[in-house]
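# Residue-level structural notes
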Amino acid sequence: MKQTCITLLLVIAGLIRAQLIAPLEGIENKDWFVVNYVDRDTSSGDSTDYHCGNLTYDGHWGTDFVLRDFRQMDDSVYAVAAASGRVYFTHDGDFDRSKQADTGGYGNFVSIDHGDSLFTLYAHLRKNSLLVQVGDSVTQGQRIALVGSSGKSLHPHVHFEVYKDGWIVDPFGLQCDGFPSVESMFNVAPVYHNELQYISSSVAPDTLHLDDLREDPRQTHITSGDSYITYWVHGLSIDSGDVTRADWYEPSGTLWHSDSFTFDVGYRYWWYYTYIYGPVIQKNIPFGSWHVKSYVNGNLFDSVSFTIGELGVEDGRKVELLLSPNPARDYLLVPTPLKDVKIFDILGKQVQTRIAMADALRIEWDQLRAGVYYLSGKNEAGKELILKFMVE
Ligand SMILES: [Zn+2]
C-alpha cells in the first residue's frame with residue numbers, strides 16, 4: 001500500500017513538470033497560428049496530424065507556430081521557454097530573413113533540458129537575438145530569443161520540437177475521435193483550428209510577388225506616379241476548388257474590374273492577390289476614394305479602401321524643399337517629429353527601402369541611390385507632410 005502511494009506521487013510530479021506552454025508570446029490565432037503539426041504517420045508518403053487531420057506534411061517532426069508576416073517579425077516577437085529547465089544547446093549566426101524551404105536546417109536555435117529526459121527545441125530564431133547561453137537556468141515563459149526566419153524557413157515562425165526519453169513526441173498528444181487517447185503535454189493546448197480565417201489584407205503600388213506579400217506591403221494612398229495597384233489578402237485554410245474574387249469599385253461606386261481565381265490545391269497559409277493598372281498606364285483612371293471587396297466562394301471575406309491622387313498637390317499637404325544637411329550620410333534631420341514615414345522617388349513611386357529608424361527628428365534608411373526624393377509622414381497633429389530632399 002505504501003509503495004503504491006509513493007509511485008502515484010512520482011507520476012503526478014512527473015506530469016506537473018511536463019506541462020508546457022506555447023513557445024512564443026502573443027495571442028493564439030491572432031498573433032500566431034499553428035500551421036503544421038507533428039506528422040504522426042511514420043510511413044513515407046503519408047501524413048496525419050494529432051487530430052487525424054491534414055495540418056502537417058510528410059516527415060514534419062515538430063509544430064510550426066507561424067507569425068502573420070515579416071513586418072510583425074521586425075516588431076519583435078519573443079520565443080519563450082515552454083517549461084523551466086536548463087539551456088542545453090544553442091546555435092546563432094545564421095541569416096534570418098529566409099523565404100525558401102530548399103536548403104538549411106534549424107537555423108538559429110535553442111534547446112532546453114527540462115529534466116526527466118524531457119527536452120524542447122526552438123528553431124528558426126532571429127540572428128543575434130539569443131538571450132540565453134548554454135547552462136543558463138530558465139523559468140517557464142522566460143524570453144529566450146526573437147522569432148525569426150533562419151534556416152529552412154518560408155515565414156517567420158518557431159519550429160518547436162519535444163523529445164521524451166530520446167524520442168521525438170507530439171506535445172499535442174493524440175485526439176482522433178473527439179477525446180484524447182494520448183494526453184496533451186500542454187497546460188492549455190492551443191485549439192485545433194482548420195477553418196477558413198482572415199489574417200490581413202491591404203493594397204500597395206506595383207505588381208507584387210509572394211515574397212513581397214510575406215512582408216505585409218501596405219500603402220493606401222496610390223499616386224499619379226504608380227503603374228500598378230495590387231490588392232492582396234492573407235488567410236488560413238483554403239481548400240482545393242475554393243474560388244476567391246476581388247471586385248474593384250471606383251469613387252462613383254461603379255464596378256471597375258473583377259478578378260477571380262480558383263485554388264487547385266488547398267493551403268493552410270495562403271495569399272490571394274490581383275492587380276489593376278495605375279495612373280501611369282491607365283490614364284483615365286478616376287482619382288478619389290476606391291474600395292475593393294473580396295469574396296471566398298461568393299461570401300464577403302474582406303473589404304479595403306484606398307485613394308488615388310496626385311502626389312504632393314492635394315489640399316492640406318505642404319511641400320517644402322529641404323536639402324539633407326549631410327548628403328553623404330544615410331539620415332535626414334527633419335524640422336518636426338514625424339511618424340508613418342515613407343520615401344518616394346521623383347516620379348512619386350514609393351522606394352522599397354526599409355527605414356531603419358524614424359525617431360522624432362532623425363530618419364535613417366537602408367540605402368538610397370543619388371537622386372531627389374520625397375518623404376511623407378504624419379506630424380503630431382496627424383497632418384501629412386511631404387518633404388523633398390536630395391541624396392548626393
Ligand atoms: Zn516546422
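Since we're looking at a predicted model, the values are computed, not measured.

## Side note on the overall build of the chain
- Secondary structure summary: the chain contains three helices and 25 strands in total.
- In the chain, buried positions account for 44% of the 392 residues.
- Total accessible area on the chain is roughly 19,400 Å²; 52% of this is exposed by carbon and sulfur atoms.

## Digging into a nonpolar patch on the surface
- Together, Y275, Y277, V280 and I281 line one region of the surface with nonpolar side chains, adding up to about 340 Å² of accessible area.
- Checked against the element boundaries, I281 lands in the loop between β16 (267–277) and β17 (288–296).
- Exposure remark for I281: the relative accessible area of 39% places this residue in the partly exposed category.

## Quick notes on the pattern of salt bridges
- Under the defined criterion, the tally for this structure stands at 12 salt bridges.
- R68 is the partner of D31 in a salt bridge, and the nearest nitrogen-oxygen pair spans 3.4 Å. One end of the pair, D31, is in the loop between α1 (2–17) and β1 (32–36); the other, R68, is in the loop between β2 (63–67) and α2 (70–74), and 37 residues separate them in sequence.
- Judged by its relative accessible area of 14%, D31 falls in the buried class.

## Overview of the sheet that holds strand β11 (residues 197–205)
- The sheet built from three strands is open, its strands ordered β11-β13-β16 with antiparallel pairing. Each end of this open sheet is capped by a strand with a single partner; those strands are β11 and β16. Within the sheet, the average angular offset between the axes of one strand and its neighbour, ignoring direction, is 15 degrees.
- In this structure, strand β13 (residues 228–238) lies alongside β16, joined through 10 bridges in antiparallel fashion. When the bridges of β16 are listed, Y228 appears paired with Y277.

## Here's the deal with the coordination of the zinc ion
- In the first shell of the zinc ion, the protein supplies H60 (NE2), D64 (OD), D64 (OD) and H159 (ND1), at 2.0 to 2.7 Å from the metal.
- Classification of the site at the zinc ion rests on its four donor atoms, whose angles at the metal span 53 to 152 degrees, yielding the label irregular.
- For the zinc ion, all donor residues lie on one chain, and their spacing in sequence is H-x3-D-x94-H.

## Notes on unusual backbone geometry
- If you check the backbone angles, H124 has positive phi at about 70 degrees while not being a glycine.
- Along the chain, the position of H124 falls in strand β6 (residues 118–125).
- Taking the relative accessible area as the measure of exposure, H124 reaches 4% and is therefore buried.
- At D206, a residue that is not glycine, the phi angle is positive and equals roughly 90 degrees.
- By the secondary structure assignment, D206 is in the loop between β11 and α3 (210–213).
- A relative accessible area of 26% places D206 in the partly exposed class.

## Considering the state of the cysteines
- Under the counting rule described, the total for this entry stands at one disulfide.
- Between the sulfur atoms of C52 and its disulfide partner C176 the distance amounts to 1.9 Å. Because the torsion about its S-S bond is 80 degrees, the bridge between C52 and C176 counts as right-handed. With C52 in the loop between β1 and β2 and C176 in the loop between β10 (167–169) and β11, this pair connects stretches of sequence that are 124 residues apart.
- Given the relative accessible area of 28%, C176 is considered partly exposed.

## Some words on the side chain of R214
- Among the structural elements, R214 can be located in the loop between α3 and β12 (221–223).
- Classification of R214 as buried rests on a relative accessible area of 6%.

## Structural notes on the sheet that holds strand β14 (residues 243–249)
- A sheet is described by the order of its strands in space; here five strands give the open sequence β12-β18-β17-β14-β15, paired in mixed fashion. Single-partner strands in this sheet number two, and they are β12 and β15 (255–262). Sheet twist, expressed as the mean angle between neighbouring strand axes with direction ignored, is 25 degrees.

## Structural notes on the packing of aromatic side chains
- Under the criterion given, the structure shown has 24 aromatic pairs.
- Pairing F263 with Y267 gives two aromatic rings, centres 6.2 Å apart and planes at 70 degrees, and the pair type is edge-to-face.
- Cluster of aromatic residues (ring-pair linked, three or more members): Y198, F261, F263, Y267, W270 and F301.
- The ring of Y295 has R245 lying over it, and the distance from NZ or CZ to the ring centre is 4.3 Å.
- If you follow K293 out to its NZ or CZ, it ends over the ring of Y249, 5.9 Å from the centre.

## Concerning the nonpolar core
- Ranked by size, the top nonpolar core spans 36 residues in total, and within it L20, F65, V110, Y122, I144 and F160 carry the most contacts.
- Listing elements by their share of this core, those giving two or more residues are β1, β2, α2, β5 (108–113), β6, β8 (143–146) and β9 (157–164).
- In this structure, I229, Y272, W290 and F301 belong to the second largest nonpolar core, which totals 20 residues.

## As for the environment of S84
- Its place among the elements puts S84 in the loop between β3 (78–80) and β4 (85–91).
- S84 sits 53 residues away from S137 along the chain, and the two C-alpha atoms are 7.6 Å apart.
- Look past the residues within four positions of S84 in its chain and what remains in contact with it is H114, V138, T139 and Q140.
- Looking at S84, its side chain comes within polar contact range of the main-chain nitrogen of Q140, at 2.9 Å.

## Focus on the side chain of D69
- You can see D69 is positioned in the loop between β2 and α2.
- Of the buried charged residues, D69 lacks a salt bridge, with R68 as the closest side chain of opposite charge at 4.4 Å.
- A polar atom in the side chain of D69 sits 2.9 Å from the backbone nitrogen of Q72.
- Not counting the four nearest positions on each side in its chain, D69 is found in contact with P156, S200, R214, E215, D216 and Y269.

Rules used throughout
Residues numbered from 1 in each chain as written. Predicted model: local features only at pLDDT ≥ 70, side-chain atom pairs only at ≥ 80, totals over all residues. Heavy atoms only, no water. Helix = DSSP H or I, 4+ residues; strand = E, 2+ residues; numbered from the N terminus. Buried < 20%, exposed > 50% of the residue type's maximum accessible area, 1.4 Å probe, protein only. Areas by Shrake-Rupley, 256 points an atom, 1.4 Å probe, with all protein chains shown as cover. Patch = residues over 30% accessible without salt bridge, like charges linked within 9 Å, V, L, I, M, F, W, Y side chains within 5 Å. Salt bridge = Lys/Arg side-chain N within 4 Å of Asp/Glu carboxyl O. Pairing = 2+ DSSP bridges. Axes fitted to C-alpha atoms, helices over the stretch in contact; angles between N-to-C directions. Donors = N, O, S within 2.8 Å, 3.2 Å for Na, K, Ca; no water. Tetrahedral: all angles 85-135°; square planar, octahedral: opposite > 155°, others 65-115°. Disulfide = S-S within 2.5 Å. Phe/Tyr/Trp six-rings, centres within 6.5 Å; stacked < 30°, edge-to-face > 60°. Lys NZ or Arg CZ within 6 Å of the ring centre and 35° of its normal. Core = buried A, V, L, I, M, F, W, Y, C linked by side-chain atoms within 4.5 Å. Contact = heavy atoms within 4.5 Å. Polar contact = N/O pair within 3.5 Å; in protein donor to acceptor, adjacent residues only side chain to side chain. Lys, Arg positive; Asp, Glu negative; His and termini not counted.

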